[in-house]
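# Overview (structure and organization)
Single-letter residue listing:
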Amino acid sequence: MNTNYDVMILGTGEAGIYAAYELALKCPAARVLVVDQGADIYRRQCPIVAGQVRSCVQCKVCGTMCGFGGAGAFSDGKFNFTTAFGGWLTDFLEQKEVMDLIGYVDGLNVRHGATTEVYSTETPAAKALEREALKYDLHLLQAQCKHLGTENNLKILTSIYETIRDRHTFLFDTAVTQIEAGEGIYTLITESGERYAAPYLIAGPGRSGAEWFANQCKALGLELLNNQVDIGVRVELPATVFEHITNVVYESKLIYRTKQYGDQVRTFCMNPYGHVVAENVEGINTVNGHSYSDPALRSENTNFALLVSNRFTSPFNEPYRYGKHIASLSNMLAGGVLVQRFGDLVGGRRTNDHRMSKSFVRPTLTAAVPGDLSLALPKRQLDDIIEMIYALDRLAPGTANYDTLLYGAEVKFYSARIKLSPELETALPGFFAVGDGAGVTRGLAQAGASGVKGGAGRCRTVEREFPAMNILLVNCSPVRNGATAEIIHIARACLVGAHEVRSVCIDDYAIAFCKGCRSCHNTARCVQEDDAPKLMAQYEWADAIISVSPSYWADVPGQFKAFIDRCTPWCNTHEPCAKIGGGKKGYTIALRTGPGMGECRRIIETMEHFYGHLEITPCGSLGLCSVENKEALRDRTEEIRAFCAKIAGEPGSCGGED
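### Describing the overall build of the protein
A tally of regular secondary structure across the protein gives 17 helices and 28 strands. Its C-alpha atoms give the protein principal-axis dimensions of roughly 105 × 50 × 45 Å. Expressed as a percentage of its 658 residues, the buried residues of the protein come to 59%. Here the contacts in the protein between residues at least 6 apart in sequence split such that 78% fall between residues at least 24 apart. Of the roughly 26,300 Å² of accessible surface on the protein, 50% is carried by carbon and sulfur atoms. In the protein, which carries 65 positive and 74 negative side-chain charges, the distance between the mean positions of the two groups comes to 2 Å.

In structure tokens, the structure reads:
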């Protein structure tokens with residue numbers, strides 16, 4: 001059994017990713033294991049999308065649903081700034097905190113390439129649309145929304161993965177079959193029989209793991225609350241039909257209460273100029289949609305889901321199985337996803353290949369098999385959907401056209417919800433549940449927010465075991481915007497948050513040359529009045545010092561050498577001396593333009609000699625050759641980050657390496 005972890009994260013969907021990111025950012029000292037049954041972001045693929053097969057071949061692990069990024073990786077990346085939909089975090093947290101967390105996740109996304117463009121329901125055009133919709137008893141939910149785009153969403157996730165992949169231990173292609181709870185320890189047992197343990201577990205199993213996770217929670221004695229299951233179809237029609245809506249509000253959430261049953265039907269996941277796609281949930285083929293930001297990748301159609309929400313009461317307690325059963329009926333009839341023209345549905349006719357060939361709307365999911373949805377979906381839900389389509393037709397004429405395509409079934413599975421604390425902790429201390437698969441959220445924004453909340457809680461716990469340090473970054477070069485300054489910037493980004501970080505540049509201080517008068521040997525004080533004591537005060541503040549120095553004639557720059565000479569009052573070779581506090585650690589990053597390491601070693605020797613006389617323990621160094629300018633550091637960034645991560649990860653001992 002491997003117990004060398006402080007925290008384990010189960011699942012690398014949106015929630016698991018941001019829990020891992022928060023731990024990497026705020027508590028790099030924590031030893032974190034991240035496990036997922038799918039592949040990393042580079043190896044995720046679907047044979048259908050790759051053009052290898054026409055229909056689902058039932059891969060053991062679905063590349064669309066599992067792996068780094070979860071089910072959201074291949075979505076069109078709608079990021080909604082709201083608590084009105086997308087999850088139930090406000091059942092545990094104050095609304096302001098949820099919105100702050102959503103904003104925080106968006107900030108991280110922007111750092112990794114997300115757009116800053118926001119669609120809003122507060123514009124005059126959106127308000128006019130809201131008023132028009134109310135005429136037909138359609139209610140437009142208020143929210144701001146970003147459209148990341150399917151291709152950009154993958155780029156953002158790839159950038160995030162590159163940022164955190166070396167901070168934690170990742171185990172991909174690793175299916176967990178059981179969660180065990182012991183005395184102050186949780187154990188994950190894998191399909192191959194491996195056992196991994198830690199005192200803290202953050203579970204973000206995702207939609208594909210929802211049923212399994214619910215069963216694990218039952219076995220652990222955790223109380224579950226029935227959650228809803230959403231059943232419906234995906235609608236595909238010419239983009240021009242909804243253009244006057246999607247141009248104003250990219251993700252229009254329209255809710256309608258049917259007159260026949262009083263059920264609530266809603267639009268969901270609208271994809272202008274998008275594509276309908278199939279996905280596999282534990283062997284069941286369901287339907288979804290996405291769209292691209294790049295106009296060259298768009299289709300002529302818009303697609304969106306129409307979903308009927310079903311919430312069950314006692315004694316029925318298996319909504320997940322109910323949803324899977326409905327979806328399996330369409331699989332049974334069509335061997336996968338079923339598609340039908342709206343006119344055929346209301347006319348009581350099965351759509352066949354001949355009728356589909358006459359359709360003006362061409363399906364973007366060519367693997368879908370023409371058939372009859374009335375043989376798969378329950379009558380009540382189908383009646384609700386038909387009524388909703390006629391209501392939408394009044395707002396967007398053409399919605400109820402004969403050739404509007406309906407794909408089925410679209411089912412949104414949500415795990416039975418666990419009773420959680422405001423920290424998202426279960427009744428078992430140290431066991432946290434986040435994301436869609438835990439029944440807490442149902443969308444990118446709140447899933448990410450729940451992950452941050454779970455990760456932040458573990459940061460506070462681990463910080464008690466690995467306290468934050470005061471880290472001083474010293475730019476020994478007088479150049480403020482060159483390669484040395486860029487290394488300082490990279491190091492600061494790696495360390496800030498988990499530790500208190502200050503950065504200084506030697507050029508910020510006016511320090512005169514040593515006069516060689518030796519007065520300080522008797523007084524422990526220099527006769528010159530300048531900034532040398534100010535800079536030494538920064539050393540006094542720090543627990544760890546990282547000196548970054550370029551090579552000036554095979555040694556440190558003259559300005560920094562002048563400071564070293566002026567540190568004689570603090571030197572331990574004579575008494576009295578103005579000692580700084582003990583227990584400090586010193587690190588060196590040396591860089592030069594040439595290819596050999598000799599000059600870097602000389603700089604490191606100078607620094608370690610300097611550290612030794614101040615009784616700062618030299619703990620590690622990094623030499624970087626062939627660095628002409630900061631552009632030359634692009635391929636060395638991960639090397640620098642790895643060096644800094646080791647410094648941050650072992651506060652009780654020396655953590656860098658030569």
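### Description of the packing of helix α15 (residues 558–565) against helix α16 (residues 598–613)
To describe two helices that pack against each other, one gives the angle between their axes and the distance between the axes. Taken N-terminus to C-terminus, the directions of α15 and α16 make an angle of 25 degrees; their axes are 11 Å apart at the nearest point. Relative to α16, α15 is oriented roughly parallel. Viewed along their axes, α15 and α16 form a crossing whose handedness is left-handed. Taken together, the residues of α16 that come into contact with α15 (itself represented by Phe560, Phe563 and Ile564) are Thr606, Met607 and Phe610. Of the residues that constitute the contact of α15 with α16, the class distribution is five nonpolar, one polar and no charged.

### Some words on the environment of Ala219
Here Ala219 is to be found in helix α5 (residues 210–219). For Ala219, a relative accessible area of 67% translates into the label exposed. Note: C-alpha distance between Ala219 and Val110 (109 residues apart in sequence) is 40 Å.

### Some points on the nonpolar core
With 68 residues, the main nonpolar core has Phe68 and Phe213 as its most contacted residues. If one sorts the elements of this core by residue count, helix α1 (residues 14–26) sits on top with nine residues. Leave out the neighbours within four places in its chain, and Phe213 touches Ile179, Ala203, Pro205, Ile418, Phe431, Ala433, Gly437 and Ala438. Core analysis: the second largest hydrophobic core is formed by 45 residues, Ala327, Leu345, Leu377 and Ala409 among them.

### Description of the sheet that holds strand β9 (residues 186–190)
Overall, antiparallel pairing links the three strands, which are arranged β8-β9-β10 in an open sheet. The sheet is open, and its two edges are formed by β8 (176–181) and β10 (195–198), each paired on a single side. Taking the axes of each pair of neighbouring strands and ignoring which way they run, one obtains an average angle of 20 degrees across the sheet. In this structure, β8 lies alongside β9, joined through five bridges in antiparallel fashion. Residue Gln178 lies in a different strand from β9, and its bridge partner there is Ile189.

### Description of the state of the cysteines
Counted by the stated rule, this structure contains zero disulfides. Unpaired in this structure, Cys517 has its nearest cysteine sulfur neighbour in Cys526, at a distance of 6.4 Å. We classify Cys517 as partly exposed; its relative accessible area is 44%. Free of any disulfide, Cys600 has its nearest cysteine sulfur in Cys625, 4.2 Å distant. For Cys600, a relative accessible area of 0% gives the class buried.

### Some details on the pattern of salt bridges
A full pass over the atoms with the stated rule returns 37 salt bridges. Across the pair Lys135 and Glu132 runs a salt bridge, and its minimum N-O distance is 2.9 Å. For Lys135, a relative accessible area of 58% gives the class exposed. Since its relative accessible area comes to 28%, Glu132 is described here as partly exposed.

### Section: the sheet that holds strand β4 (residues 119–120)
On the basis of which strands lie adjacent, the open sheet formed by three strands has the order β3-β6-β4 and antiparallel pairing. Only two strands of the sheet have a single partner each, and these edge strands are β3 (78–81) and β4. Inspection of the sheet shows β3 paired to strand β6 (residues 144–147) by four bridges, in the antiparallel sense. Bridge pairing in β6 places Lys78 opposite His147.

### A short note on α1
Here α1 spans 18 Å end to end across 13 residues, near enough to the 18 Å set by a 1.5 Å rise per residue. The buried fraction of α1 is high, at 12 of 13 residues. Those residues of α1 lying buried are Glu14, Ala15, Gly16, Ile17, Tyr18, Ala19, Ala20, Tyr21, Glu22, Leu23, Ala24 and Leu25.

### A few points about the pairing of strand β19 (residues 338–341)
Along β19, one buried face is formed by Leu338 and Gln340 and the opposite face, lined by Val339 and Arg341, is buried too. Here β19 pairs with strand β21 (residues 405–412) via four bridges, running antiparallel. Paired with Arg341 across the two strands is Leu405, which belongs to β21.

### Some points on the side chain of Ser291
Along the chain, Ser291 turns up in the loop between β17 (284–290) and β18 (301–311). Side-chain polar atoms of Ser291 contact the side chain of Tyr250, separated by 2.7 Å. Excluding residues within four positions of it along the chain, Ser291 makes contact with Asp76, His147, Gly149, Thr150, Tyr250, Asn271, Pro272 and Gly274.

Each value, and the rule that gives it
- Residues numbered from 1 in each chain as written.
- Predicted model: local features only at pLDDT ≥ 70, side-chain atom pairs only at ≥ 80, totals over all residues.
- Heavy atoms only, no water.
- Helix = DSSP H or I, 4+ residues; strand = E, 2+ residues; numbered from the N terminus.
- Buried < 20%, exposed > 50% of the residue type's maximum accessible area, 1.4 Å probe, protein only.
- Contact = heavy atoms within 4.5 Å.
- Areas by Shrake-Rupley, 256 points an atom, 1.4 Å probe, with all protein chains shown as cover.
- Lys, Arg positive; Asp, Glu negative; His and termini not counted.
- Charge placed at Lys NZ, Arg CZ, Asp CG, Glu CD.
- Axes fitted to C-alpha atoms, helices over the stretch in contact; angles between N-to-C directions.
- Parallel < 35°, antiparallel > 145°, perpendicular 65-115°, else oblique.
- Left-handed = near helix turned anticlockwise from the far one by under 90°.
- Nonpolar A, V, L, I, M, F, W, Y, C, P; charged D, E, K, R; others polar.
- Core = buried A, V, L, I, M, F, W, Y, C linked by side-chain atoms within 4.5 Å.
- Pairing = 2+ DSSP bridges.
- Disulfide = S-S within 2.5 Å.
- Salt bridge = Lys/Arg side-chain N within 4 Å of Asp/Glu carboxyl O.
- Expected span 1.5 Å × (residues − 1).
- Polar contact = N/O pair within 3.5 Å; in protein donor to acceptor, adjacent residues only side chain to side chain.

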